[in-house]
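Coordinates in review
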Amino acid sequence: MTTDLHAAAAKHLLLNMTSNGSLGDDLFVVRSGEGPYVRDDDGTRYIDGLSGLYCCQLGYSYADEIAEAAGKQLRELCYSPLWSASAHPAAIELAERLAGLAPAGIEHTFFSSGGAEAVETAWKIARRYHALRGEPGRTKVIARNSAYHGLTVGALSFTDDPGLTEPYGPPAIDTRFVANTNRLGLAPELADDAVFTAHLLGEIEETVLAEGPETIAMLIAEPVQNRGGCITPPKGYWPGLRALADRYGFLLVADEVITGFGRLGEWFGGSRFGARPDLVTVAKGITAGYAPMGATLAGQRVAEVINRPGAVLNHGYTFGGHPLSAAISLRTIEIMERDQVLQNVRALEGGLANGMAALAGLPIVADVRGAGFFYAVQLAGDLPDGGFSDSARQALVVDLIPRRLREAGLLARVYNRAAPLLQIAPPLISDRPLLDRIAEIIAGTLDEASRALAR
């Protein structure tokens, strides 16, 4: 069966973000999961240190409960669109539920099928909002260096990665990129949070003024930036973004596709940093990976404009708010509350932080950063500036580190793009021994890589 699966995949399956024609025998087939673990097609068990792809907040042990909710919904209603003047109970109930969990003032939800669609929706809502207020010239976006917000044509415009953007030509949406909040390599005078925050906000304000405030539709940022390695903001940064948005009239978008639904110990990770956005994008954890779903949450002042009598939001997705996904999301939220999943993250994040911080003394480690159950290690190479030579990158980042992690039973993300990184985002139901084991495996792997680098 394993041979048949590999052969069929090679013949018929196109994988995401993969050199499909060069895959050879490297296909990793995941067959089953239980708790915070998955098993491959040979039956080998691994810690799922990335929650699938930041999705599986509950791990893999709630299938019976989720299946019960799914079966009930499918027997009652398998599909009905949220189109024109039509809706269904599961989507209505979920929208109401999300309004109760969201930051203050965020009370409306537009459903989609995933994170990139949620970001596209945020853009369209922002454009419609400004046009209805008599400012159709607000056509530009501000995003951050190294940001990733999705791979659809619109979301790709806000994604700062030439390897992803250049193959498809000029961006569809005019975007200006500003500094992210990475502290690594900062000048000494920026070490203080207040100084660093003022510096970052000053650059954004200069960009707004240079472009013309009347041309800026929105600024989009993640509470903790995923690409570039779990980059956390300095104190005061998000309140400062709110102040700039209010001063110059653009909308503030918090991309919570990864940081939402408990990843940082809160329903919405921006709450940890004082974020007060106008729009919030979510996906992944909203169903704990049990079904595809995305959503764009909008503040009351935005909704009041786009919902004006006679105004039409000419936008939609066939499967947005699908009854099955909505029912699964509702049960996911119920389980997370009942089993105190967010409290588990808050209780254990300090231990994980300590375990990850202990890696900082290894020669191959340039930086360790993150929050909640979301951490990255930026790797230092053999070149004077901390970068990797081609040979060292191939030997360590491409080969040794991911191979040793998997041999030790841990699935983690090892980036071989821009700044080499090792990243983890374990299921939110993980306990202390499991988190300690994750840190132990990473320590052993990076210790071996450090010794190989020194040779």
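Residues numbered from 1 in each chain as written. Predicted model: local features only at pLDDT ≥ 70, side-chain atom pairs only at ≥ 80, totals over all residues. Heavy atoms only, no water.

Before going further, it helps to spend a moment on the sheet that holds strand 13 (residues 410-411). Across the sheet, four strands lie side by side as 1-2-3-13; this open sheet has mixed pairing. The sheet is open, and its two edges are formed by strand 1 (30-34) and strand 13, each paired on a single side. Relative to strand 2 (residues 37-40), strand 1 is paired through four bridges, and the arrangement is antiparallel. Residue V30 lies in a different strand from strand 2, and its bridge partner there is D40. Strand contacts of helix 14 (residues 432-454): strand 2, strand 3 (45-48) and strand 13, with the helix running at about 100° to strand 3, the strand carrying the most contacts. (Pairing = 2+ DSSP bridges. Helix = DSSP H or I, 4+ residues; strand = E, 2+ residues; numbered from the N terminus. Contact = heavy atoms within 4.5 Å. Axes fitted to C-alpha atoms, helices over the stretch in contact; angles between N-to-C directions.)

Between its first and last C-alpha atoms helix 12 (residues 341-357) spans 24 Å; for 17 residues at 1.5 Å apiece the expected length is 24 Å, and the two agree. The sharpest bend along helix 12 reaches about 45° and sits at L348. Looking at the buried residues of helix 12, the elements they touch are helix 11 (323-338), strand 11 (365-371), strand 12 (374-379), strand 15 (421-424) and helix 14. (Expected span 1.5 Å × (residues − 1). Bend = angle between axes of the 7 residues up to and from the residue.)

Another aspect to go through is the domain arrangement of the chain. Per the domain assignment, the segments of the chain are domain 1 (5-62 + 340-454) and domain 2 (64-339). Computed from C-alpha coordinates alone, the two centres of domain 1 and domain 2 are separated by 26 Å. Of the roughly 3000 Å² buried between domain 1 and domain 2 on both sides combined, carbon and sulfur atoms contribute 58%. If you sort the residues of domain 1 by the area they bury against domain 2, Y62, L342 and F374 come out on top, with a joint share of 25%. Counting across the domain 1 and domain 2 interface gives two salt bridges. Between E349 and R272 there is a salt bridge whose closest N-O contact spans 2.8 Å. Sorting the residues of the side of domain 1 that touches domain 2 by element identifies helix 2 (51-54), helix 12, strand 11, strand 12, strand 14 (413-415) and strand 15 as the ones contributing at least two each. Class assignment for the residues of the side of domain 1 that touches domain 2 results in 23 nonpolar, nine polar and six charged. (Domains from an automatic or database assignment. Buried area = accessible area lost by both parts, 1.4 Å probe. Salt bridge = Lys/Arg side-chain N within 4 Å of Asp/Glu carboxyl O. Nonpolar A, V, L, I, M, F, W, Y, C, P; charged D, E, K, R; others polar.)

Glancing now at the nonpolar core. Judged by nonpolar contacts, the single largest core of 64 residues is most densely connected at L297, I364, I401, I442 and L446. Mapped onto the domain boundaries, this core takes at least three residues apiece from domain 1 (5-62 + 340-454) and domain 2 (64-339). Filtering out sequence-adjacent residues up to four positions away, L446 remains in contact with L362, I364, V365, V377, L379, I401 and L422. Listed in part, the 22 residues of the second largest apolar core include V119, M218, I220 and V253. (Core = buried A, V, L, I, M, F, W, Y, C linked by side-chain atoms within 4.5 Å. Buried < 20%, exposed > 50% of the residue type's maximum accessible area, 1.4 Å probe, protein only.)

A few words now on empty space enclosed by the protein. Counted by the stated rule, this structure contains one cavity of 30 Å³ or more. Each pocket or cavity is described by its volume, and for the largest cavity that value is around 40 Å³. Lining the largest cavity, in full, are P103, A254, E256, F268, G270, S271, A275, P277 and V280. Residue composition of the lining of the largest cavity, grouped by class: six nonpolar, two polar and one charged. (1 Å grid on protein atoms, 1.4 Å probe; cavity = no way out; pocket = protein on both sides within 12 Å on 5 of 7 lines; lining within 4 Å. Points joined across faces, edges and corners; volume = space filled by probe spheres on them.)

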